Amino acid sequence: MDFKEISVQTDTSALETAEAICQMVSDSGIYTEDYSDVEEMSKIIAHSDLIEKDLLQRDKTSAKIHIYLSPEADVSEKIENLHSLLTAAGINYSISTAEVHDSDWADNWKKYFKPFDVGDRLAICPTWEKYTGSDSRKVLKIDPGAAFGSGTHETTRLCLEALEKYVSSGKRILDIGCGEGYYSKQI
């Protein structure tokens, strides 16, 4: 199913109130793009300091709220309602609209996961990406998800570095407490 989208651009200082207003107008949810604390939050949420350069260069003084509407929604009525509520709240804003296709939602998150090196001999690469680093590295193809995460967590990286240090070709190891031992099998 395709959705209609209304985007509200506003100052980050008014974001909380603007989000509350947008939530009232939406019939299918909202999504907020706010890069004001992207560096700090990536360390807290993703436990990583690996951040795409384009994210670091985003405007940190404004935010964009995406309001998703069902195909049957009356966009002009929703925009009129937004104008009224945002103006009454004294919020500076601009509004734009777009069509959103289901496939955009399903795959859009993939653009944030890129290959990266771990330790001296390993690299982690999502299956939809091509690893273009050193040919001497062993590339572990991992899709970010619930089972293996993204490979960026400190404990994962420390385990991979330990495996890299102590495991060599032809050695047998016992992998205890590691689920199915995915990383050990790959090295």
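The rules behind the values
Residues numbered from 1 in each chain as written. Predicted model: local features only at pLDDT ≥ 70, side-chain atom pairs only at ≥ 80, totals over all residues. Heavy atoms only, no water. Helix = DSSP H or I, 4+ residues; strand = E, 2+ residues; numbered from the N terminus. Buried < 20%, exposed > 50% of the residue type's maximum accessible area, 1.4 Å probe, protein only. Contact = heavy atoms within 4.5 Å. Areas by Shrake-Rupley, 256 points an atom, 1.4 Å probe, with all protein chains shown as cover. Pairing = 2+ DSSP bridges. Axes fitted to C-alpha atoms, helices over the stretch in contact; angles between N-to-C directions.

Asks: Teacher, can you tell me more about the overall build of the chain here?
Replies: In terms of helices and strands, the chain carries seven helices and seven strands. Helices and strands appear in the chain in the N-to-C order β-α-β-α-α-β-α-β-α-β-β-β-α-α. Going through the 187 residues of the chain one by one, you find that 32% of them count as buried. For the chain, long-range pairs separated by at least 24 residues make up 64% of all intrachain contacts whose partners lie at least 6 apart in sequence. Of the roughly 11600 Å² of accessible surface on the chain, a fraction of 51% belongs to carbon and sulfur atoms.

Asks: Looking at this structure, how should I read the sheet that holds strand S6 (residues 122-125)?
Replies: Consider a sheet: its strands pair through backbone hydrogen bonds, and that pairing is either parallel or antiparallel. If you trace the three strands from one edge of the open sheet to the other, you get S5-S6-S7, paired in mixed fashion. Looking at which strands have only one partner, the edges of the open sheet turn out to be strand S5 (116-118) and strand S7 (138-141). Mean inter-strand twist for the sheet, computed between neighbouring axes without regard to direction, equals 30°. In this structure, S6 lies alongside S7, joined through four bridges in parallel fashion. Bridge pairing in S7 places Cys-125 opposite Lys-141. Its contacts with the sheet place helix H6 (residues 154-166) against S5, S6 and S7, and it is angled at close to 55° to S5.

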